[in-house]
Protein chains: 2
Amino acid sequence: MMERLVLHEYAASGNCYKIRLTAALLGLKIERREYDILKGETRTPEFLANVNANGRIPTLQIGDRFLPESNAACFYLAEGSALIPDDRFDRADMLRWMCFEQYSHEPYVATMRFWVAFIADRLSEEQKAQIPMRRAQAEAALKVMDGHLAGRRFFVADRLTLADIALYAYTHVAEEGDLTLAPYANIRAWLDRVAATPGYVGIGA
Amino acid sequence: MMERLVLHEYAASGNCYKIRLTAALLGLKIERREYDILKGETRTPEFLANVNANGRIPTLQIGDRFLPESNAACFYLAEGSALIPDDRFDRADMLRWMCFEQYSHEPYVATMRFWVAFIADRLSEEQKAQIPMRRAQAEAALKVMDGHLAGRRFFVADRLTLADIALYAYTHVAEEGDLTLAPYANIRAWLDRVAATPGYVGIGA
């Protein structure tokens, strides 16, 4: 029996969606508390003192304990389930793709979406100057994913794991960030496979 | 009995050092193969095809399989050892700090070191313009760490775990990147504690 779960989130964030999708696939009930990151609601003294000293959502509340970082929260929820492989190498390889997502994918694919679809009218000159680099790095990450998916149904262990959930969250809305998935047939087929999983919920749910 | 372990690395990288430190603390023998990232040796067709399609070190070779991403490699090596907590929340909380390191710490603390100590004479104008932002973000990450360590000996579960190893790697050489640890007494005491662990090896070993 899991303790009460409360997701402190900004619902449109792919990082928050990862946790909701994981919970949905596991049949776990999760309460939601929304913060407007555009209004600085995760940088208030109360948030920093009580939810996450790093000033970021998502943070998963488990009873009276707080767990920041999307991939750590997904891992917590999924332990002992089929979303984490039993094999030692596969389990580490799942974490490898989750690390790849946070380091080589999210700062580019997610940031392009945030800048283009959420704050386009407020971009600083410094941010505008970074767009070509962010786009190039986003395309490099998508190319690595597409290459890995050649001949594979999922990222690790031939079945849906947290690696797929972590990478799905921002990839499936990448085109909102003025990127195109057209060159990546393996990614597009994989997105369809993830969305066809029993229990799947969309980012807007 | 662990399969043959080969670390594909650039020895001065803190990300590579994390894996060597983990192996040393576990008493595991690890072979090392050096690549000069300054000469593009991790972007050759051979490296991309055989070691890591993402063109990055470290990659841990386990028998004939390859595992990129420093934190995933540490997790592989440490499974079943005291470096990973038994408690479910603590284990996820360990991953939380490892995610924090890769997302909120390494791009700033490690990049400052790389720019200042390794390629200072070759910095682009775009990189130079980013230094104030990188410095501010590095200081913000150190502040979060110092605050968390108030009253704690280690990051999670009151003992040395992979969270400490991941954060130690670049923090203990942060001053090479023109940052100062002087304001962070809790971090400095924690660095000493990590270095005093039986089996510890330094980044230059």
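Predicted model only: the values in this text are computed from it and were never measured. (Residues numbered from 1 in each chain as written. Chains lettered and ligands numbered in written order. Predicted model: local features only at pLDDT ≥ 70, side-chain atom pairs only at ≥ 80, totals over all residues. Heavy atoms only, no water.)

1. A look at the side chain of Thr42(A)
All names here are of chain A.
Line of reasoning, step 1. Among the secondary structure elements, Thr 42 is positioned in the loop between strand 2 (31-34) and helix 2 (45-50).
Line of reasoning, step 2. Thr 42 sits in the buried class, given a relative accessible area of 4%.
Line of reasoning, step 3. Within the structure, the side chain of Thr 42 is placed 3.0 Å from the backbone oxygen of Gly 55, a separation counted as a polar contact.
Line of reasoning, step 4. Residue contacts for Thr 42: discarding those within four places in its chain leaves Tyr 35, Ile 37, Phe 47, Leu 48, Gly 55, Arg 56 and Ile 57. (Helix = DSSP H or I, 4+ residues; strand = E, 2+ residues; numbered from the N terminus. Buried < 20%, exposed > 50% of the residue type's maximum accessible area, 1.4 Å probe, protein only. Polar contact = N/O pair within 3.5 Å; in protein donor to acceptor, adjacent residues only side chain to side chain. Contact = heavy atoms within 4.5 Å.)

2. Re the interface of chain B and chain A
Line of reasoning, step 1. If you look at the interface, chain B gives 34 residues, while chain A gives 34 residues.
Line of reasoning, step 2. Of the roughly 3,300 Å² buried at the junction of chain B and chain A (both faces included), carbon and sulfur atoms supply 60%.
Line of reasoning, step 3. Contact with chain A buries surface across chain B, with Arg88(B), Phe89(B) and Tyr103(B) losing the most and accounting together for 23% of the total.
Line of reasoning, step 4. Across the contact surface, chain B and chain A share 2 salt bridges.
Line of reasoning, step 5. For Glu79(B), the salt bridge is made with Arg91(A), and the minimal N-O distance between the two is 2.7 Å.
Line of reasoning, step 6. Along the contact surface separating chain B from chain A lie 10 residue pairs in polar contact (both at pLDDT 80 or more).
Line of reasoning, step 7. For the side of chain B that touches chain A, the secondary-structure elements that each account for two or more residues are strand 4 (65-68), helix 3 (70-78) and helix 4 (88-118) of chain B.
Line of reasoning, step 8. Per-element tally for the side of chain B that touches chain A: the top contributor is helix 4 of chain B, with 14 residues.
Line of reasoning, step 9. Its residues assigned to classes, the side of chain B that touches chain A shows 19 nonpolar, 5 polar and 10 charged. (Buried area = accessible area lost by both parts, 1.4 Å probe. Salt bridge = Lys/Arg side-chain N within 4 Å of Asp/Glu carboxyl O. Nonpolar A, V, L, I, M, F, W, Y, C, P; charged D, E, K, R; others polar.)

3. So, the packing of aromatic side chains
Residue and element names in this part refer to chain B.
Line of reasoning, step 1. If you walk through the whole model with that rule in mind, you get 21 aromatic pairs over all chains.
Line of reasoning, step 2. On the numbers, 5.1 Å between centres and 80° between planes, the contact of Tyr 35 with Phe 47 is edge-to-face. Of this pair, Tyr 35 sits in the loop between strand 2 (31-34) and helix 2 (45-50) while Phe 47 is found in helix 2, placing the two residues 12 residues apart along the sequence. Neither residue differs from the other here; Tyr 35 and Phe 47 are each classed as buried. (Phe/Tyr/Trp six-rings, centres within 6.5 Å; stacked < 30°, edge-to-face > 60°.)

4. Things to note about the packing of helix 4 (residues 88-118) of chain A against helix 5 (residues 125-149) of chain A
Residue and element names in this part refer to chain A.
Line of reasoning, step 1. Two elements in contact, helix 4 and helix 5, have axes whose closest approach is 8 Å; the angle formed by their N-to-C orientations is 135°. Overall, the two elements helix 4 and helix 5 adopt an arrangement that is oblique. Between helix 4 and helix 5 lies a crossing whose hand is left-handed.
Line of reasoning, step 2. Grouping the constituent residues of the contact of helix 4 with helix 5 by class yields 14 nonpolar, 7 polar and 2 charged. (Axes fitted to C-alpha atoms, helices over the stretch in contact; angles between N-to-C directions. Parallel < 35°, antiparallel > 145°, perpendicular 65-115°, else oblique. Left-handed = near helix turned anticlockwise from the far one by under 90°.)

5. Here's the deal with the sheet that holds strand 1 (residues 5-9) of chain A
Residue and element names in this part refer to chain A.
Line of reasoning, step 1. Ordered in space as 2-1-3-4, the 4 strands form an open sheet in which the pairing is mixed. Single-partner strands in this sheet number two, and they are strand 2 and strand 4 (65-68). Mean inter-strand twist for the sheet, computed between neighbouring axes without regard to direction, equals 25°.
Line of reasoning, step 2. Sheet topology places strand 3 (residues 59-62) next to strand 4; 4 bridges connect them, and they run antiparallel. In the sheet register, Ile 62 faces strand 4, and the bridge partner there is Arg 65.
Line of reasoning, step 3. Strand contacts of helix 1 (residues 14-26): strand 1, strand 2 and strand 3, with the helix running at about 160° to strand 1, the strand carrying the most contacts.
Line of reasoning, step 4. Contacting strand 1, strand 3 and strand 4, helix 3 (residues 70-78) runs over the sheet at an angle of about 125° to strand 4. (Pairing = 2+ DSSP bridges.)

6. Comments concerning the sheet that holds strand 4 of chain B
Line of reasoning, step 1. Strand order in the open sheet formed by 4 strands is 2-1-3-4 (chain B), and the pairing between neighbours is mixed. Taken across any chain shown, the strands that pair with only one partner, and hence form the sheet edges, are strand 2 and strand 4 of chain B. Ignoring strand direction, the axes of neighbouring strands in this sheet form an average angle of 25°.
Line of reasoning, step 2. Bridge analysis of strand 1 (residues 5-9) of chain B against strand 2 of chain B gives 4 bridges, and the strand direction is parallel. Bridging across to strand 2 of chain B, His8(B) finds its partner in Arg33(B).
Line of reasoning, step 3. Running at roughly 35° to strand 4 of chain B, helix 4 of chain A makes contact with strand 3 (59-62) and strand 4 of chain B of the sheet.
Line of reasoning, step 4. Packing against the sheet, helix 1 (residues 14-26) of chain B makes contact with strand 1, strand 2 and strand 3 of chain B, and its axis sits at approximately 160° to strand 1 of chain B.

7. Concerning empty space enclosed by the protein
Line of reasoning, step 1. Tallied over the full model, the rule gives 3 cavities of 30 Å³ or more.
Line of reasoning, step 2. Around the largest cavity sit 13 residues that line it, and Asn71(A), Leu95(A), Cys99(A), Leu95(B) and Cys99(B) are the ones nearest its centre.
Line of reasoning, step 3. Of all elements in the fold, only helix 3 and helix 4 of chain A together with helix 3 and helix 4 of chain B reach the threshold of two or more residues within the lining of the largest cavity.
Line of reasoning, step 4. Of the residues in the lining of the largest cavity, the class split is 9 nonpolar, 4 polar and no charged. (1 Å grid on protein atoms, 1.4 Å probe; cavity = no way out; pocket = protein on both sides within 12 Å on 5 of 7 lines; lining within 4 Å. Points joined across faces, edges and corners; volume = space filled by probe spheres on them.)

8. Some details on the pattern of salt bridges
Line of reasoning, step 1. Inspection of the entire model under this criterion finds 26 salt bridges over all chains.
Line of reasoning, step 2. Between Arg4(A) and Glu31(A) there is a salt bridge, and its shortest N-O distance comes to 2.8 Å. On the criterion of sequence distance, the pair formed by Arg4(A) in the segment before strand 1 and Glu31(A) in strand 2 is long-range, its members being 27 residues apart.
Line of reasoning, step 3. In this structure, Lys128(B) engages Glu125(B) in a salt bridge whose closest nitrogen and oxygen atoms are separated by 3.5 Å.

9. Here's the deal with the domain arrangement of chain A
Residues and elements named next belong to chain A.
Line of reasoning, step 1. For chain A, the domain assignment lists domain 1 (5-78) and domain 2 (88-195).
Line of reasoning, step 2. Measuring from the centre of the C-alpha atoms in domain 1 to the corresponding centre in domain 2 gives 20 Å.
Line of reasoning, step 3. Listed per partner, the contact involves 18 residues of domain 1 and 19 residues of domain 2.
Line of reasoning, step 4. Across the interface of domain 1 and domain 2, roughly 1,400 Å² is buried in total on both sides, 68% from carbon and sulfur atoms.
Line of reasoning, step 5. Summed over the shared surface of domain 1 and domain 2, the number is 1 salt bridge.
Line of reasoning, step 6. Across the pair Lys 18 and Glu 101 runs a salt bridge whose closest N-O atoms are separated by 2.8 Å.
Line of reasoning, step 7. Where domain 1 packs against domain 2, one counts 8 residue pairs in polar contact (both at pLDDT 80 or more).
Line of reasoning, step 8. Among the elements of the structure, helix 1 and helix 3 are those that each provide at least two residues to the side of domain 1 that touches domain 2.
Line of reasoning, step 9. Counting residues per element, the side of domain 1 that touches domain 2 draws most heavily on helix 1, at 7 residues.
Line of reasoning, step 10. Along the lines of polarity and charge, the residues of the side of domain 1 that touches domain 2 split into 10 nonpolar, 6 polar and 2 charged. (Domains from an automatic or database assignment.)

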